[in-house]
Amino acid sequence: MEPEMRAFLLRIVNTMLIIIFWLLINATIGIMLEWGVVYGHLSIGNIIFYTWLLASLVLAIWGIRQIWKKPLNLS
């Protein structure tokens, strides 16, 4: 496989892994622990979860931008 194609596909795989990992963590915390569900009023768990959700989304987007900002490594 050509080095340019390999580097490009590696970027795509890394981006997909970040997105899938982010979704799995937040779905597990939000749905299985029920911190993402508001039952009548906000609880401390809801506030912690939604704060975490926004902070982790910003970090995931930052990480993806860092992956795509670098020039292709052709080594």
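Keep in mind that what you see is a predicted model, and the values were worked out from it rather than measured.

## Describing the overall build of the protein
Helix and strand content of the protein: two helices and zero strands. Expected size for 75 residues packed as a compact globule is a radius of gyration near 11 Å; at 17 Å, the protein overshoots this value by more than 25%. Judged by the C-alpha coordinates and their principal axes, the protein covers about 55 × 20 × 15 Å. Among the 75 residues that make up the protein, the fraction classed as buried is 17%. The long-range fraction of contacts in the protein, counting pairs at least 24 apart against all pairs at least 6 apart in sequence, stands at 61%. Roughly 6,000 Å² of accessible area belongs to the protein as shown, and the carbon and sulfur atoms make up 76% of that amount.

## Digging into the side chain of Asn46
Position of Asn46 among the secondary structure elements: in helix α2 (residues 44-69). Taking the relative accessible area as the measure of exposure, Asn46 reaches 3% and is therefore buried. Looking at Asn46, its side chain comes within polar contact range of the main-chain oxygen of Trp35, at 2.5 Å. Leaving out residues up to four positions away in the same chain, Asn46 has contacts with Glu34, Trp35, Gly36, Val37, Val38 and His41.

## So, a nonpolar patch on the surface
On the surface, Leu33, Trp35, Val38, Leu42, Ile44, Ile47, Ile48 and Tyr50 cluster together into a nonpolar patch covering about 770 Å² of accessible area. Assignment of secondary structure puts Tyr50 in helix α2.

## Some details on the environment of Val58
Mapped onto the fold, Val58 is located in helix α2. Residue Val58 is classed as exposed on the basis of its relative accessible area, which comes to 55%.

## Quick look at α2
For α2, spanning 26 residues, the distance from its first C-alpha to its last is 37 Å, which sits close to the expected 38 Å at 1.5 Å a residue. Those residues of α2 that sit buried are Gly45, Asn46, Phe49, Ser56, Ala60, Gly63, Ile64 and Ile67.

## Topic: the packing of aromatic side chains
Applying the stated criterion across every chain yields a total of two aromatic pairs. Here the aromatic rings of Phe8 and Trp68 are separated by 5.7 Å at their centres, their planes lie at 80 degrees, and the arrangement is edge-to-face. Placement of the pair is Phe8 in helix α1 (residues 3-32) and Trp68 in helix α2, with a sequence separation of 60 residues. We classify Phe8 as partly exposed; its relative accessible area is 37%. Judged by its relative accessible area of 34%, Trp68 falls in the partly exposed class. On the numbers, 5.0 Å between centres and 70 degrees between planes, the contact of Phe49 with Tyr50 is edge-to-face. Accessibility expressed as a relative area gives 6% for Phe49, which makes it buried. The exposure class assigned to Tyr50 is partly exposed, which follows from its relative accessible area of 34%.

Calculation rules
- Residues numbered from 1 in each chain as written.
- Predicted model: local features only at pLDDT ≥ 70, side-chain atom pairs only at ≥ 80, totals over all residues.
- Heavy atoms only, no water.
- Helix = DSSP H or I, 4+ residues; strand = E, 2+ residues; numbered from the N terminus.
- Rg over C-alpha atoms; globule rule 2.2 N^0.38 Å.
- Buried < 20%, exposed > 50% of the residue type's maximum accessible area, 1.4 Å probe, protein only.
- Contact = heavy atoms within 4.5 Å.
- Areas by Shrake-Rupley, 256 points an atom, 1.4 Å probe, with all protein chains shown as cover.
- Polar contact = N/O pair within 3.5 Å; in protein donor to acceptor, adjacent residues only side chain to side chain.
- Patch = residues over 30% accessible without salt bridge, like charges linked within 9 Å, V, L, I, M, F, W, Y side chains within 5 Å.
- Salt bridge = Lys/Arg side-chain N within 4 Å of Asp/Glu carboxyl O.
- Expected span 1.5 Å × (residues − 1).
- Phe/Tyr/Trp six-rings, centres within 6.5 Å; stacked < 30°, edge-to-face > 60°.

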